[in-house]
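Structural characterization, general
Okay, here's what each chain looks like letter by letter:
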Amino acid sequence: MAFEKICADSGTVLELDGLTADQVAERVAAGQTNDVPDRATRSVRDIVYANVFTRINAILGVLLVIVLATGSIIDGMFGLLIIANSGVGIIQELRAKRTLDKLAIVSRAKPVVRRDGVAVAMDPQEVVLDDIIEVGAGDQIVVDGVVVEAMSLDVDESLLTGEADPVRKSRDDQVLSGSFVASGSGWYRATKVGRDAYAAKLTDEASKFTLVHSELRSGIDKILKFITYLMVPAGLLIIYNQLFSSGQSLGPALSGMVAALVPMVPEGLVLMTSIAFAVGVVRLGRRQCLVQELPAIEGLARVDVVCADKTGTLTETGMRLSELRCATDEDVELSRSALAAMAASDPRPNASVLAIKEAFPDDPGWGAASADAPFSSAKKWSGQSYGDHGNWVLGAPDVLLDPGSDMARQAEEVGSSGLRVLLLGSCDVPVDNSGAPGRVTPRALVILEQRVRPEARDTLDYFASQNVTVKVISGDNAVSVGAVAGSLGLPGGDRPVDARELSSDPDALAETLEKSTTFGRVNPDQKREMVGALQSRGHTVAMTGDGVNDVLALKDADIGVSMGSGSPATRAVAQIVLLDNKFSTLPHVVGEGRRVIGNIERVSNLFLTKTVYSVLLAFLIGISGAMSQIMDVDALPYPFLPRHVTMAAWFTIGIPAFILSLAPNNERARSGFVPRVMRLAIPSGVIIGVTTFVSYLLAYAGPQQTDLQKVQAGTSALITLIMIALWVLAVVARPYTWWKLVLIFGSAAAYLILFALPATRQFFELDPTNVGATTSAVVCGLVGVVLVEIGWWVTGRVHGERRRLFASSADLPGVH
């Protein structure tokens, strides 16, 4: 069919055949192209800048300069944290950026553009002004345009206007990029491309690779701000004590000041968080999971309800014709011809029509349809009119048939076995008539076989073992959906609910959703309402889907998961896209999210305990210095050198935290991250700070102290600190597995070696040879260990944390 349209701005005559190669070249030369970036990932420069110029690196950099000014390069070892903090973050973000960019190329929508009379699928960037673009059900409008021809074209503009109902589009109507075709088909001419179109803004906003708001990151930021406030008075006290009260020369005084300030900064916490998030993104990318928004990593850890579509999720998208059951013998040949004609004339066949086309490949020669009614999830049928050959409809039997008819009972009986049943019928009015389908005469039941995904049962079993409830929500016949769910062993699958009978009252709907797991005949608006009802009961909901009818629910769910073979609409609004189309990949995705947030919570305890005891020790030393001024005696110098602080962090925090942050963890995350972490970190930090100070006082006792005695006193304080810090590590690592025990005992053995070898004692300026001082240090350490254990048991009983920790084993069944 030829169609001509005069461009108002250029006077160019365009045909439905599209632009010629010369016309495309002219527009490219004029810059009238859809030149938008594939993804709005951060540039390499931005990544480097963001990881190097941080608040923590600035603090450590200033302290490093002070230490190096004293000439003690060894005491500047903590400066390596600046390199590690920046380097690891840069490397992981670059790897994640590369993975995401590659996967985005695979998953992006490719519009079908007509040029020189040929329809060609191409990248959105290749579209130029005045291109003629074909669209059908599920296609994304990639640039703004004007409709030049439409066949029952309904466009979903909900992402732009919030209006859920599709808008019927006719010739000369405007379509905006960012909307999707709900049903029908047509062609439109590109009138705005590149950064002038909605698509550029939406793509830029939806696909940014940024660390956006999450409870985990906002909690860490809150903690860092609080620590900054504490560092100011503690730092001023220790600076005054070291420079004016201790009686030390400038070099040792500055070293002690830096040793006090460095451990107050939880630099490793930010590093471990960055590593965990980045590794999570890369791991998911290797499993063909496109992470569109990073909060999905944390959100997946909080999911307790998964709403799964049946078709394409629990069952494979492909189907085959199992049986054609005709109403009468005379209908057999007529039904075969009608099905063949309908399948041949459908420009965009779905899975059901493809199965029919495979079974009846010979076109009966009825010619082009005189009227067409594309399938939509709202009306549940499609149809074509063929003049003298009649008007034909194909759709859901429970919609087109009298419920009391014999054929309706047959359809329900067949559907209860898990097969997909469609009714082929003839009707008395053209299918594009406002009263269509009118009176329908049943001709045949088209029975299609859906293949259940072989991995579906194992996936449902995994979710059950992780206390995640699965709800099957489908637009198909409720009995058929229940048969599939029941065959997979889903609890309640044998008691499906017909969504047409659901109450519109939100509370009643939520109550039904709590009790039932399988729902059929769910329309798009109901899917959205179901997600909202579950969220109203405090559930964190993940929604999976692959069709246009899933878009609204995916958008409203806490986590939207789309199949890679799904419509561009679902892929655009989902936070996670399973490019391998495997439902069995979802447990890996959920497990990765739980690993990230669960492990960050564990290691946060270690880093914040160090911050608490460092701030408290600085306060105690500073206060003692002020009192010494009043008593007119030399104040206590800070007990540690910067190298001592670095050594103490190696095996109590640094290496263990890195290993724990990458370990398996299946615990579902909960809200209240900051209070939960501080319940262990504050008591433990206070115990370490006080006992270390007492140990130092006992070893430092006496009116005159030689340099040797000062070294021995500092060594005693260090022994006490390391003993209790190792026990905090042992508490955080619970419940124990063989590798965690190796980690704990290995860390303890490393410190024994450092204290035992003459070379390392000399390097770190350690002297444990004073039996009295060392004995008192060990006793103080044992007292601190007992107090930490008591504190952990008390807080565990009060807040239920002890039982939770023992229950959240890394060896729980499931996918790691």
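Check the entry above for the structure.
For clarity, every value in this text was computed on a predicted model and none was experimentally measured.

Quick notes on the rules
- Residues numbered from 1 in each chain as written.
- Predicted model: local features only at pLDDT ≥ 70, side-chain atom pairs only at ≥ 80, totals over all residues.
- Heavy atoms only, no water.
- Patch = residues over 30% accessible without salt bridge, like charges linked within 9 Å, V, L, I, M, F, W, Y side chains within 5 Å.
- Areas by Shrake-Rupley, 256 points an atom, 1.4 Å probe, with all protein chains shown as cover.
- Salt bridge = Lys/Arg side-chain N within 4 Å of Asp/Glu carboxyl O.
- Lys, Arg positive; Asp, Glu negative; His and termini not counted.
- Charge placed at Lys NZ, Arg CZ, Asp CG, Glu CD.
- Helix = DSSP H or I, 4+ residues; strand = E, 2+ residues; numbered from the N terminus.
- Buried < 20%, exposed > 50% of the residue type's maximum accessible area, 1.4 Å probe, protein only.
- Pairing = 2+ DSSP bridges.
- Arc of directions from axis to C-beta.
- Phe/Tyr/Trp six-rings, centres within 6.5 Å; stacked < 30°, edge-to-face > 60°.

1. Observations regarding a negative patch on the surface
Where like charges cluster on the molecular surface, the negative patch consists of Asp17, Asp22, Glu26 and Asp116. Relative to the assigned elements, aspartate 22 resides in helix α1 (residues 21–29).

2. Regarding the pairing of strand β9 (residues 180–192)
Every other side chain in a regular strand lies on the same face of the sheet, so the side chains alternate between the two faces. Burial within β9 is extensive, with 10 of its 13 residues counted as buried. Here 10 bridges tie strand β6 (residues 144–156) to β9, and the two strands are oriented antiparallel to one another. Its bridge partner lying in β9, aspartate 154 is registered against serine 183.

3. Considering helix α15 (residues 456–465)
Helical geometry note: an α-helix holds 3.6 residues per turn, so side chains three or four residues apart project in the same direction. The set of residues buried in α15 consists of Ala456, Thr459, Leu460, Tyr462 and Phe463. End-on view of α15: buried residues confined to an arc of 155 degrees, all on one side of the axis. Looking at α15, the residues exposed on the side facing more than 90 degrees away from the buried face are Asp458 and Ala464. The first or second residue beyond α15 is asparagine 467, which carries a positive phi of 60 degrees.

4. Digging into the packing of aromatic side chains
If you walk through the whole model with that rule in mind, you get 10 aromatic pairs. Ring centres 6.2 Å apart and planes at 80 degrees place the aromatic pair tryptophan 650 and phenylalanine 651 in the edge-to-face group. Taken together, the aromatic side chains of Trp650, Phe651, Tyr751, Phe763 and Phe764 make up a single cluster linked through ring pairs.

5. A look at unusual backbone geometry
In this structure, proline 437 follows alanine 436 across a cis peptide bond, with omega equal to 10 degrees. Inspection of the secondary structure puts proline 437 in the loop between β16 (420–427) and β17 (440–452). A cis amide bond, omega -5 degrees, links arginine 734 with the succeeding residue proline 735. Within the secondary structure, proline 735 sits in the loop between α24 (707–732) and α25 (738–756). With phi around 55 degrees, aspartate 116 is a residue other than glycine that occupies positive phi space. Of note, aspartate 116 is situated in the loop between β3 (112–115) and β4 (118–121). Overall, aspartate 116 belongs to the partly exposed group, its relative accessible area being 48%. Positive phi, close to 55 degrees, is recorded for glutamate 765, a residue that is not glycine. Here glutamate 765 shows up in the loop between α26 (758–764) and α27 (771–799). By relative accessible area, which is 35% here, glutamate 765 ends up partly exposed.

Don't take any of this as a statement about function, it's just geometry.
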